[in-house]
Structure formats: C-alpha cells, structure tokens
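Listed below are the residues making up each chain.
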Amino acid sequence: MINVVICGDCGEKSLTRAVVNACTKYGGALVCDGDKIYRTQNAPRYLIFSMCTLADLYLPDSIVIFGKALMQIQKSISLDNTICVLDTENNDAINLLGGSSALAVGCSMSERDTLTVSGNIDENTSLVSLRRDLRTPAGIIEPQDFIVKTDRSFSIYPRLAAAAILLLGGTDSTDGFEF
C-alpha cells in the first residue's frame, strides 16, 4: 500500500478531493479524513491521511502533500525518507522541508518545478509537463507531456499534486490521467 499524507488542506479540501478522486480511479483508496474513514475499493492501493493539524509524523517511504493551511503543522515533523509534493509558491511548505532529507516534487507554474501546466484545453483538461526526471520507488520517469482531465474544475495545484501521486505510485501516464 502506498501511504499518502495530506497536510494543511482545510476548508473546501479541494486538494484532498483531487487526490482521493485520482487514487480511487487508479487503484482505490482507504481514506482517513478528519472524522471520516472510508474505502473506495476492495484491496485499495493507496492509504490516504488528510490532516489539518499534525503534531508528529513518522512514516518513512511515504508521500507527503502540503496544502496551504500549514500553520497548525508542527515544524518538528519528520520528513526524512519521504517524498514531499508542494506548491513552490508556498513558503510555509518550503520552510517545513528545510534540513530534511525529503525528495521535493514542486508543482506550480514556475520553470523550476518538476510538474507544471503547459496548456489548458478547457477548464477541466490540462496538458501537464514533467520537466525533469522523477525518481520513484519503481525507478526513474523521464520528462514527458501528458493530459490530465478532471470531472471537476480543480485549480492548478490540486490537479498537479494528484498527477504527481499517480506518477510516484507507478501509474503509467501514456494515456494521460482522468479523475
């Protein structure tokens, strides 16, 4: 099972919804989200924790996704040996990563990011670019472009973060992603 921890996604929870939709479509998920625990398929591939507050974290070999509301996430959480997905415009997320041995996967519109949108086909469909090699537990994924189509109008970061989870989980992007 692939462990995914979403930190600081409060309010509308669009980041959590995008990730759960993507993981449900590509292997299923067991989701622990606040006061809700549910399974989207039998024998799910992903275990997703969505936390608005977090005082301690020790889940090596997991994927940690940072939302915007990180004020209640303790700066002492252990990110060593994790892969962290973040919006590189989120300074709180960058500060949380400081000094850790985590692998960072930047997702936004900057040239320095690992995943970025290179064009929008319509409000629900984007052409996404993997701009550099992405080291995953299963190997290295080389730079490529692929389509991400959602059934909702998710903003750029949730769309890219969900695509990053699928890539990191070993899902083939040849036919793009739809969630």
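J.: What am I meant to see in the overall build of the chain here?
T.: Check the secondary structure of the chain and you find three helices and 13 strands. Its C-alpha radius of gyration of 15 Å places the chain within 12% of the 16 Å reference for a compact globule of 179 residues. The burial tally for the chain puts 51% of its 179 residues in the buried class. Across the chain, contacts joining residues at least 24 apart in sequence account for 45% of those joining residues at least 6 apart. On the chain, roughly 8700 Å² of surface is accessible, and the fraction owed to carbon and sulfur atoms is 48%. For the chain, the distance from the average position of its 15 positive side-chain charges to the average position of its 21 negative side-chain charges is 3 Å.

J.: What is the right way to look at the sheet that holds strand 1 (residues 2–7) in this model?
T.: Spatially, seven strands are ordered 3-2-4-1-5-6-7 in an open sheet, and the strand pairing comes out mixed. Looking at the sheet topology across the chains shown, the edges are occupied by strand 3 (36–39) and strand 7 (103–106). Pairs of neighbouring strands in the sheet enclose a mean axial angle of 15°, with direction left out of account. Pairing analysis gives four bridges linking strand 6 (residues 83–86) to strand 7, with the strands arranged parallel. By the bridge assignment for strand 7, Val-85 is matched with Val-105. Sheet strands in contact with helix 1 (residues 14–25) are strand 1, strand 2 (29–33), strand 3, strand 4 (46–51) and strand 5 (63–66), and its direction is about 175° off that of strand 4. Each of strand 1, strand 4, strand 5, strand 6 and strand 7 is contacted by helix 3 (residues 156–168), which is oriented at about 160° to strand 6, the strand it contacts most.

J.: Please clarify how the state of the cysteines should be interpreted in this entry.
T.: Such a bond, covalent and formed between the sulfur atoms of two cysteines, is termed a disulfide. All told, the structure shown has one disulfide when counted by the stated rule. The residue that forms a disulfide with Cys-10 is Cys-52, at a sulfur-sulfur distance of 2.4 Å. Here Cys-52 lies in the loop between strand 4 and strand 5 and Cys-10 lies in the loop between strand 1 and helix 1, a separation of 42 residues in the sequence. Take Cys-52: its relative accessible area is 27%, and that puts it in the partly exposed class. In this structure Cys-84 is not part of a disulfide, and its nearest cysteine sulfur, from Cys-7, lies 8.3 Å away. Residue class for Cys-84 comes out buried when judged on its relative accessible area of 0%. A disulfide-free cysteine, Cys-107 has its sulfur positioned 12 Å from the sulfur of Cys-84, the nearest such atom. Note on Cys-107: relative accessible area 0%, which makes it buried.

J.: Can you walk me through the sheet that holds strand 9 (residues 125–130) in this structure?
T.: Neighbouring strands of a sheet are bound in pairs by backbone hydrogen bonds; such pairs are parallel or else antiparallel. Here we have four strands laid out as an open sheet, ordered 8-9-12-13, and mixed in their pairing. Unpaired on one side and paired on the other, strand 8 (115–122) and strand 13 (177–178) mark the two borders of the sheet. Inspection of the sheet shows strand 8 paired to strand 9 by six bridges, in the antiparallel sense. Bridge pairing in strand 9 links Val-117 to Val-128. Together, strand 8, strand 9, strand 12 (144–149) and strand 13 form the strand contacts of helix 3, whose direction differs from that of strand 8 by roughly 115°.

Cut-off values and rules
- Residues numbered from 1 in each chain as written.
- Predicted model: local features only at pLDDT ≥ 70, side-chain atom pairs only at ≥ 80, totals over all residues.
- Heavy atoms only, no water.
- Helix = DSSP H or I, 4+ residues; strand = E, 2+ residues; numbered from the N terminus.
- Rg over C-alpha atoms; globule rule 2.2 N^0.38 Å.
- Buried < 20%, exposed > 50% of the residue type's maximum accessible area, 1.4 Å probe, protein only.
- Contact = heavy atoms within 4.5 Å.
- Areas by Shrake-Rupley, 256 points an atom, 1.4 Å probe, with all protein chains shown as cover.
- Lys, Arg positive; Asp, Glu negative; His and termini not counted.
- Charge placed at Lys NZ, Arg CZ, Asp CG, Glu CD.
- Pairing = 2+ DSSP bridges.
- Axes fitted to C-alpha atoms, helices over the stretch in contact; angles between N-to-C directions.
- Disulfide = S-S within 2.5 Å.

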